[in-house]
Amino acid sequence: MLKGNLQNSDPLLKLIFFIGIVLVSLGLISILTIPIVSLVFGKSYTEVAAGMSNWSADNINELKLVQVFSQLGMMIIPAFISARLFSNNSRNFLQFRKLPLQSILLITILTISLSPLINLFLDWNSRLQLPETLQTLENSIKNMEAEAEKLTEAFLIMHHTKDLFLNLLMIALLPAIGEELLFRGILQKLLTEATGKIHLSIIITGIIFSAIHMQFFGFLPRMMLGIFLGYLLLWTRTIWAPILAHFINNASAVLMSWYEQQNHLTLDEDKIGIREGELWLLFASLIITLSGCYLLYRNSTRLKTAD
């Protein structure tokens, strides 16, 4: 019954409602998570709450369930509710249009080839230091991010094929769908309506996308990735393009981790392209990225002409 109720409202009002929907969803998920995990795993509320704050290998599956519910409740559901409020046709509003096979192949190649450049930005970002007066803050941020990295590493421990598929769902597919619907599908569109400037909106959305992950020493590469995803939506006019690229980016990390564990290797994929003797990979990444982006841009101008 809420279908299109705010379709003709002021863009700033839509932004306020959007933020409100996200915050309400966040609150509801926070309230419901502990009871649901308690029911599924047969533990008391106190045990579940304690396990969430002091996690270990024994309760990692509980945290995985929390992660799945977080993606559904904080990303996917708010995006669909917002789209229903802001349009009579949610599908068109979120730009669920067919992605041609040619574009699928190009985006796949482009996303994979982007890795060395992302690693370069990550290396630059990791070298940033706050002023000496903020040394205490910097140490706190590093400790917080180290804990987050430990949890990610724990998530990526996979003993069986079912663990691999669960991680592809939890780490790759759901975040790709949820984050792209929320950030590119809703936020980027609302910012464009509010500012009238698509490129500024893509950059702002990329900044917010990175900031929301709360990783100071990974802010720059994630921001660049967010901007890239924003332009994919602009050039292809379908939300499936950034969803595909986001999925490939996350799934490659899961698959690399699985390959390393199965073959007892340490590939250190975050260093690909920035190690000694791999400068050629950076140049190749740059050339392929620029060429791929140009092809997508050129195709977008053809789509506009066809309209």
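The structure presented is a predicted model; accordingly, all values stated were derived computationally and were not measured.

Moving on to the side chain of E145. Relative to the helices and strands, E145 is located in helix 7 (residues 135-155). Each residue touching E145, except ones within four places of it in the same chain, is listed here: M214, Q215, F216 and F217.

Further remarks concern the packing of aromatic side chains. In this structure the tally under the stated criterion is six aromatic pairs. Look at F183 and F209: their rings are 5.4 Å apart centre to centre, the planes differ by 80°, and that puts the pair in the edge-to-face class. Within this pair, whereas F183 is found in helix 8 (residues 161-195), its partner F209 is found in helix 9 (residues 198-211), the two being separated by 26 residues in sequence. Assessed through its relative accessible area of 4%, F183 is described here as buried.

Attention now moves to the nonpolar core. In terms of nonpolar packing, the biggest core is built from 25 residues, with F18, F86, F93, L94, L182, I186 and L190 touching the most fellow members. In terms of residue count, helix 8 provides more of this core than any other element does, eight residues in total. By size, the runner-up hydrophobic cluster in this structure holds 23 residues, among which are I107, L120, Y231 and A241.

Cut-offs applied
Residues numbered from 1 in each chain as written. Predicted model: local features only at pLDDT ≥ 70, side-chain atom pairs only at ≥ 80, totals over all residues. Heavy atoms only, no water. Helix = DSSP H or I, 4+ residues; strand = E, 2+ residues; numbered from the N terminus. Contact = heavy atoms within 4.5 Å. Phe/Tyr/Trp six-rings, centres within 6.5 Å; stacked < 30°, edge-to-face > 60°. Buried < 20%, exposed > 50% of the residue type's maximum accessible area, 1.4 Å probe, protein only. Core = buried A, V, L, I, M, F, W, Y, C linked by side-chain atoms within 4.5 Å.

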